[in-house]
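Working through the structure, step by step
Here is how the chains run, residue by residue.
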Amino acid sequence: MKSVVVTGASTGIGWGIAKVLVGKGIRVFGGVRKDADAQRLSKELGPNFVPLVFDVTDVAAVKAAADKAASMLDGTPLLGLVNNAGIAVAGPLLYLDIDEFRHQLEVNVTGQLIVTQAFAPLLIPGTTQKIAPGRIVMISSVGGKNASPFVGAYNASKFALEGLSESLRRELMLLGIDVIVVAPGAVATPIWDKAEQVDVSRYANTPFAKSLDSLRKYMLASGRKGLKPERLGRAVWTALVTAKPKTRYIVTPDKIENFMVNTLPKRTVDRLIAGRLGLLKKP
């Protein structure tokens, strides 16, 4: 049986990826942080879902999870490692708590490297096995190339992940391991329900209060009209099995908007975004 590790599998994109892969007959080692999620997903996705309980920032826990997977693989290499786990910290950068900023980078960047270091050896076949090494798929974001106001910490983490992925891809050519980025746009996941409950009152006395509220409403509306998580699962499946994969797959419902922000001059995009959010300085 072919196997894939998927981190952040409890909900949202990770859940969609796990669901699609299990449907393809793949055994999924799904990384979750809570025992309750492990039990729920085992019942929901069936015997081909094997939960691994760990936090991506906990080196010892990640290593223990990799050892468990290795014992079950019994020498058979992984088909892939999907680094999906992540969080989103929002707020104007001038007022953002530095500990929150550090935590954003710790989870979305350092945590991805911790997981990769632990599981990458399991992608490599034995010298007598005539099969290709497994692949690494990094779940980035369209925000990994274009940043938005008030999610600067998140954008910084995804820009960093893009760079880390490119360096890693070039390093791992020596071992035959490919590294592919999947960059989603808006996806309809429970994260948007959580966003509605985020307390932005601490920024009420800053110049950004009204603009921050405008962005929150815009993102909630976009998110709820976003792609189904399973759509990302199919993109990951393509990245894992296609003979000649791209280095980066963009999966977004807003193809025209994505084209514009990647094509128009940066100053033009600045003015468009600032105008939408009320960030243009009045003369």
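This section reports on the structure supplied with the text. Every chain is numbered independently, its residues counted from 1 as its sequence is written. Where totals are concerned, whole chains, interfaces and linings use all residues; where local detail is concerned, this predicted model gives features only for residues with pLDDT of at least 70, and gives and counts side-chain atom pairs only at 80 or more. Neither water nor hydrogens contribute to the side-chain values; these are computed over all heavy atoms in the structure.

Notes on the overall build of the protein chain
Note the cut-off: Each helix corresponds to a stretch of at least 4 residues labelled H or I by DSSP, and each strand to a stretch of at least 2 residues labelled E; elements are numbered beginning at the N terminus. Here the globule rule reads 2.2 Å times residues to the power 0.38, and the radius of gyration is calculated from C-alpha atoms. When accessible area is computed with a 1.4 Å probe and restricted to protein chains, residues below 20% of their type maximum are described as buried, those above 50% as exposed, and intermediate ones as partly exposed. Calculation of accessible area relied on Shrake-Rupley with a 1.4 Å probe; when residues are assessed, cover is drawn exclusively from the protein chains displayed. The sign given to each residue is positive for Lys and Arg and negative for Asp and Glu; His and the chain ends receive no count. Taken as the charge centre is NZ of Lys, CZ of Arg, CG of Asp or CD of Glu, depending on the residue.
Secondary structure assignment for the protein chain yields 10 helices and seven strands. Expected size for 283 residues packed as a compact globule is a radius of gyration near 19 Å; at 19 Å, the protein chain falls within 12% of this value. Dimensions of the protein chain along its principal axes, counting C-alpha atoms only, are 70 × 40 × 30 Å. Out of the 283 residues belonging to the protein chain, those deemed buried represent 46%. As displayed, the protein chain offers around 14,800 Å² of accessible surface, 57% of which is attributable to carbon and sulfur atoms. When the 37 basic and 23 acidic side-chain charges of the protein chain are each reduced to a single mean position, those positions are 8 Å apart.

Digging into empty space enclosed by the protein
Using the following cut-off: For each structure, a 1 Å grid was placed over the protein atoms alone; sets of points admitting a 1.4 Å probe that cannot get out are labelled cavities, open sets with protein on both sides within 12 Å along at least five of seven lines are labelled pockets, and lining residues have an atom within 4 Å of a point. Grid points are joined across faces, edges and corners, and a volume is the space filled by probe spheres set on the points. Three classes are used: nonpolar for Ala, Val, Leu, Ile, Met, Phe, Trp, Tyr, Cys and Pro, charged for Asp, Glu, Lys and Arg, and polar for all others, with Gly counted as polar.
Counted according to the given criterion, the structure contains one cavity of 30 Å³ or more. In this model, the largest cavity occupies a volume close to 30 Å³. Lining the largest cavity, in full, are Val 142, Lys 145, Asn 146, Arg 248, Ile 250, Asn 258 and Asn 262. Looking at the lining of the largest cavity, the elements with two or more residues in it are β7 (248-251) and α9 (255-263). Tallied by class, residues from the lining of the largest cavity come to two nonpolar, three polar and two charged.

Let's talk about the pairing of strand β5 (residues 135-139)
The condition is simple: Two strands pair under a simple rule: DSSP has to find at least two bridges between them. Note on handedness: a clockwise path from strand one over the helix to strand two, with the strands aimed away from the viewer, defines a right-handed crossover.
Summarising burial for β5: five of the five residues are buried, a large majority. Residue alternation in β5 divides its side chains into two sets, Arg 135, Val 137 and Ile 139 and Ile 136 and Met 138, and both sets are buried. As defined by bridge partners, strand β4 (residues 80-83) adjoins β5 across four bridges and the pair is classed as parallel. For Gly 80, the partnering residue across the bridge sits in β5 and is Arg 135. Considered for its hand, the β-α-β crossover made up of β4, helix α4 (residues 98-119) and β5 is right-handed. Note: β5 against strand β6 (residues 179-184), four bridges, orientation parallel.

Digging into the packing of aromatic side chains
Put simply, the rule is: Two rings from Phe, Tyr or Trp (for Trp, the six-membered ring) form a pair when their centres sit within 6.5 Å of each other. Planes less than 30 degrees apart are called stacked, planes more than 60 degrees apart edge-to-face, and all others tilted.
Inspection of every chain in the model, using the stated rule, returns three aromatic pairs. A centroid spacing of 6.2 Å and a plane angle of 70 degrees characterise the contact between Tyr 95 and Phe 208, whose relative ring orientation is edge-to-face. Taken together, the positions of Tyr 95 in the loop between β4 and α4 and Phe 208 in the loop between α6 (191-196) and α7 (209-224) put the pair 113 residues apart, joining distant regions of the chain. Judged by centre distance (5.8 Å) and plane angle (70 degrees), the rings of Phe 150 and Phe 208 are edge-to-face.

Concerning a positive patch on the surface
Here is the rule: Distance thresholds for patches are 9 Å for like charges and 5 Å for nonpolar side chains (Val, Leu, Ile, Met, Phe, Trp, Tyr), applied to residues having over 30% relative accessible area and no salt bridge. The working definition used for a salt bridge is a side-chain nitrogen of Lys or Arg within 4 Å of a carboxyl oxygen of Asp or Glu.
Together, Lys 24, Lys 228, Arg 231, Arg 234 and Lys 255 make up a positively charged patch on the protein surface. Tracing the chain through its elements places Lys 24 in the loop between α1 (12-23) and β2 (27-32). The class for Lys 24 is partly exposed, based on a relative accessible area of 46%.

What about the sheet that holds β5?
We apply this condition: Think of each axis as a best-fit line through the C-alpha atoms, taken over the contacting stretch in the case of a helix, with angles from 0 to 180 degrees between the N-to-C directions. Contacts are assigned to residue pairs that have any heavy atoms within 4.5 Å of one another.
Ordered in space as β3-β2-β1-β4-β5-β6-β7, the seven strands form an open sheet in which the pairing is parallel. Every other strand in the sheet has two partners, leaving β3 (49-53) and β7 as the edge strands with one partner each. Taking each pair of neighbouring strands and ignoring which way they run, the sheet shows an average axis angle of 20 degrees. Bridge count for strand β1 (residues 3-6) against β2 is four bridges, and the pairing is parallel. Bridging across to β2, Val 4 finds its partner in Val 28. Strands in contact with helix α2 (residues 35-45) are β2 and β3; relative to β3, the strand with the most contacts, it is inclined by about 175 degrees.

Observations regarding the side chain of Ser 211
Test applied: Contacts described as polar in this section are N or O atom pairs within 3.5 Å, which, within protein, must combine one atom able to donate a hydrogen with one able to accept it, while residues neighboring in sequence count only if both atoms come from side chains.
With respect to the helices, strands and loops of the structure, Ser 211 is situated in helix α7. In terms of polar contacts, Ser 211 uses its side chain to reach the backbone carbonyl oxygen of Leu 277, at 2.7 Å. Once residues within four sequence positions are removed from consideration, Ser 211 is found in contact with Phe 150, Leu 277, Gly 278 and Leu 279.

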